[in-house]
2 protein chains.
Amino acid sequence: MLAKSTEYAIRALVFIQLQNWQDKRTGVVEIAKEIEAPEAFTAKVLQTLTKHRIIASMKGRGGGFFFTETSDQMTLFQVIQVMEGESIFHKCGFGLKNCSDANPCPMHDKYRTIRDGFFAIAQSETIHSLSRKVSEGKAVLNRVSFLN
Amino acid sequence: MLAKSTEYAIRALVFIQLQNWQDKRTGVVEIAKEIEAPEAFTAKVLQTLTKHRIIASMKGRGGGFFFTETSDQMTLFQVIQVMEGESIFHKCGFGLKNCSDANPCPMHDKYRTIRDGFFAIAQSETIHSLSRKVSEGKAVLNRVSFLN
DNA sequence: TTATAAAAGGACAACAAGGTCTTTATATAA
DNA sequence: TTATATAAAGACCTTGTTGTCCTTTTATAA
């Protein structure tokens, strides 16, 4: 469903949020390790997120990535949009160029339900809401839940 | 969601079904044109489908692709499985290796609903059911509905 | 003011998916 | 039995995504 780079982005953002809640600023090395993604590639992903103001960054000693007031409450939709565009929310499941309610492909109705459902998730869930689940021990960010 | 090759496969199969219902056997050239896919690539897709007995084929003059009794009533799931495997129905939306009900990622519950919904469609819809919609004029296979 | 620790940026390598082309095998019709 | 129409097969090319590496910029601490 989502591109790998988008998955990395979301996982990274949740981790950054968790760190921020503990008044920590975190860098690529630590982030990549935590989300189990290649370091250099994670750096690229974070660069993209920073360029699009999903997060902010600081260079130099003690630098790293963090949320600002304006970048707070980012929805999944916004992140997905920045990472891979939003064609995923519009595309016909059958692959037709001009599929619509008026000119439907044979899967149109059922597939639209699924696609719209995914869109609803993307709109309602935020980095905040996901992070909260993790900090409450209701979900995990990587392999295993380390309740500490 | 689905790979392009899978989309081509499903569209091709529906067209083949429609042709079969008219007691016609159809070949790559016509199929590719109808489903608006590159000819050589469509040939590869059909080769895969034939190899996995989703359809049968005949070489030589008057040859082409067609359904047999045993290959009738193919579900979308079976087609998807042959074309791209079924990881799409199991994969975690967050990208976690070990995401499960017991060890859920922060999107687990909601994403699973979507994924399971898609699985239900794939299991319940068949090449038959899709083709019927087209032949009844309720859906189209390509750009526009040509009711003839 | 210099050394160091970080992100930013650019070039490119590896791999997968999508797509093309040419040759071979096989069935049918003339 | 020969010409033709078709699918099968294999080699290859193209593009997009994922991933790496090296250099540059910038902030901080000593």
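Residues numbered from 1 in each chain as written. Chains lettered and ligands numbered in written order. Predicted model: local features only at pLDDT ≥ 70, side-chain atom pairs only at ≥ 80, totals over all residues. Heavy atoms only, no water.

**Q** How should unusual backbone geometry be read in this particular structure?
**A** Glycine aside, residues mostly have negative phi, and peptide bonds are mostly found in the trans state. Phi angles above zero are rare outside glycine, and Arg53(A) is one such case at about 60°. Here Arg53(A) shows up in the loop between α3 (39-51) and β1 (56-58). Taking relative accessible area as the criterion, Arg53(A) reaches 68% and is therefore assigned exposed. One non-glycine residue with positive phi stands out, namely Glu36(B), at about 60°. Here Glu36(B) lies in the loop between α2 (28-35) and α3 (39-51). (Helix = DSSP H or I, 4+ residues; strand = E, 2+ residues; numbered from the N terminus. Buried < 20%, exposed > 50% of the residue type's maximum accessible area, 1.4 Å probe, protein only.)

**Q** Would you mind showing me how to read the packing of helix α1 (residues 4-21) of chain B against α2(B) here?
**A** Any two packed helices are characterised by how steeply their axes cross, that is the angle between the axes, and by the distance between the axes. All names here are of chain B. At a minimum axis distance of 10 Å, the contact between α1 and α2 shows a crossing angle of 115°. Looking at the two axes, α1 sits roughly perpendicular to α2. The hand of the α1/α2 crossing is right-handed. Residues Tyr8, Arg11, Ala12, Phe15, Ile16 and Gln19 of α1 form the contact with α2, whose participating residues are Glu30, Ile31, Glu34 and Ile35. (Axes fitted to C-alpha atoms, helices over the stretch in contact; angles between N-to-C directions. Parallel < 35°, antiparallel > 145°, perpendicular 65-115°, else oblique. Left-handed = near helix turned anticlockwise from the far one by under 90°. Contact = heavy atoms within 4.5 Å.)

**Q** Just to check I follow, could you spell out the nonpolar core for this structure?
**A** Among soluble globular proteins, nonpolar side chains are generally buried collectively. By size, the foremost hydrophobic cluster in this structure holds 90 residues, and its most contacted members are Leu49(A), Val79(A), Phe94(A), Leu49(B), Val79(B) and Phe94(B). Contact partners of Phe94(B), with chain neighbours within four places excluded, come to Glu7(A), Ile10(A), Arg11(A), Val14(A), Leu130(A), Val140(A), Leu141(A), Cys105(B), Pro106(B) and Met107(B). (Core = buried A, V, L, I, M, F, W, Y, C linked by side-chain atoms within 4.5 Å.)

**Q** I tried to follow the interface of chain B and chain A on my own but got confused; where do I start?
**A** For interface size, the figure often reported is the accessible area lost on association. The interface of chain B with chain A comprises 38 residues on the first partner and 38 residues on the second. Taking both sides of the interface into account, the surface hidden between chain B and chain A amounts to around 3100 Å²; carbon and sulfur atoms contribute 64%. In this structure, the salt-bridge partner of Lys91(B) is Glu7(A), at a minimum N-O distance of 2.3 Å. At the junction of chain B with chain A, the criterion picks out 12 residue pairs in polar contact (both at pLDDT 80 or more). Of all the secondary-structure elements, those providing two or more residues to the side of chain B that touches chain A are α1, α5 (108-124) and α6 (127-135) of chain B. Tallying contributions element by element places α5(B) first for the side of chain B that touches chain A, with seven residues. (Buried area = accessible area lost by both parts, 1.4 Å probe. Salt bridge = Lys/Arg side-chain N within 4 Å of Asp/Glu carboxyl O. Polar contact = N/O pair within 3.5 Å; in protein donor to acceptor, adjacent residues only side chain to side chain.)

**Q** For this particular structure, what's the right way to read the protein's contact with DNA strand D?
**A** Near DNA strand D lie 24 residues; those nearest to it are Lys4(A), Pro38(A), Gly27(B), Lys44(B) and Ser57(B). Expressed as a percentage, the sugar and phosphate content of the atoms of DNA strand D within 4 Å of the protein is 67%. One of the side-chain N or O atoms of Ser5(A) is found 3.0 Å from a phosphate oxygen in DNA strand D. For DNA strand D, a base nitrogen lies 2.8 Å from a polar atom in the side chain of Lys44(B). Counting residues per element, the ones that place at least two in the surface near DNA strand D are α1 (4-21) and α3 of chain A together with α3, β1 (56-58) and β2 (64-66) of chain B. (Near = heavy atom within 4 Å.)

**Q** Looking at this structure, I do not really get empty space enclosed by the protein. What am I missing?
**A** Unoccupied space between atoms shows up once a probe the size of one water molecule is rolled over them. All names here are of chain B. The final tally for this structure, using the stated rule, is two cavities of 30 Å³ or more. In this structure, the largest cavity is lined by Cys92, Gly93, Phe94, Cys99, Cys105, Met107, His108, Tyr111, Arg112 and Arg115. For the lining of the largest cavity, the residue count by class is six nonpolar, two polar and two charged. Taken as a whole, the second largest cavity spans an internal volume of roughly 40 Å³. (1 Å grid on protein atoms, 1.4 Å probe; cavity = no way out; pocket = protein on both sides within 12 Å on 5 of 7 lines; lining within 4 Å. Points joined across faces, edges and corners; volume = space filled by probe spheres on them. Nonpolar A, V, L, I, M, F, W, Y, C, P; charged D, E, K, R; others polar.)

**Q** How do you make sense of the relation of the copies chain B and chain A when you look at a structure like this?
**A** Mapping one chain copy onto the other needs a rotation about an axis and a shift along that axis. Superposition of chain B onto chain A requires a rotation of 180° combined with a translation of 0.0 Å along the rotation axis, giving an RMSD of 0.0 Å. Both copies of the chain, as the preceding transformation shows, are related through a two-fold rotation axis. (Least-squares fit on C-alpha atoms with pLDDT ≥ 70 in both.)

**Q** What is the right way to read the packing of aromatic side chains from this model?
**A** Aromatic ring pairs are defined here through the distance separating the ring centres and the angle between the ring planes. Tallied over the entire structure, the rule returns 12 aromatic pairs over all chains. Aromatic pair Phe89(A) and Phe119(A): ring centres 5.3 Å apart, planes at 70°, arrangement edge-to-face. Of this pair, Phe89(A) sits in the loop between α4 (76-84) and α5 (108-124) while Phe119(A) sits in helix α5, placing them 30 residues apart in sequence. Look at Phe89(A) and you get buried, because its relative accessible area is 5%. Geometrically, the ring pair formed by Phe77(B) and Phe89(B) is tilted, given 5.4 Å between the ring centres and 50° between the ring planes. Taken together, the residues span a long stretch of sequence, with Phe77(B) in helix α4 (residues 76-84) and Phe89(B) in the loop between α4 and α5 at a distance of 12 residues. Exposure remark for Phe77(B): the relative accessible area of 11% places this residue in the buried category. Positioned above the aromatic ring of Phe66(A), the side-chain terminus of Arg25(A) is 4.5 Å from the ring centre. (Phe/Tyr/Trp six-rings, centres within 6.5 Å; stacked < 30°, edge-to-face > 60°. Lys NZ or Arg CZ within 6 Å of the ring centre and 35° of its normal.)

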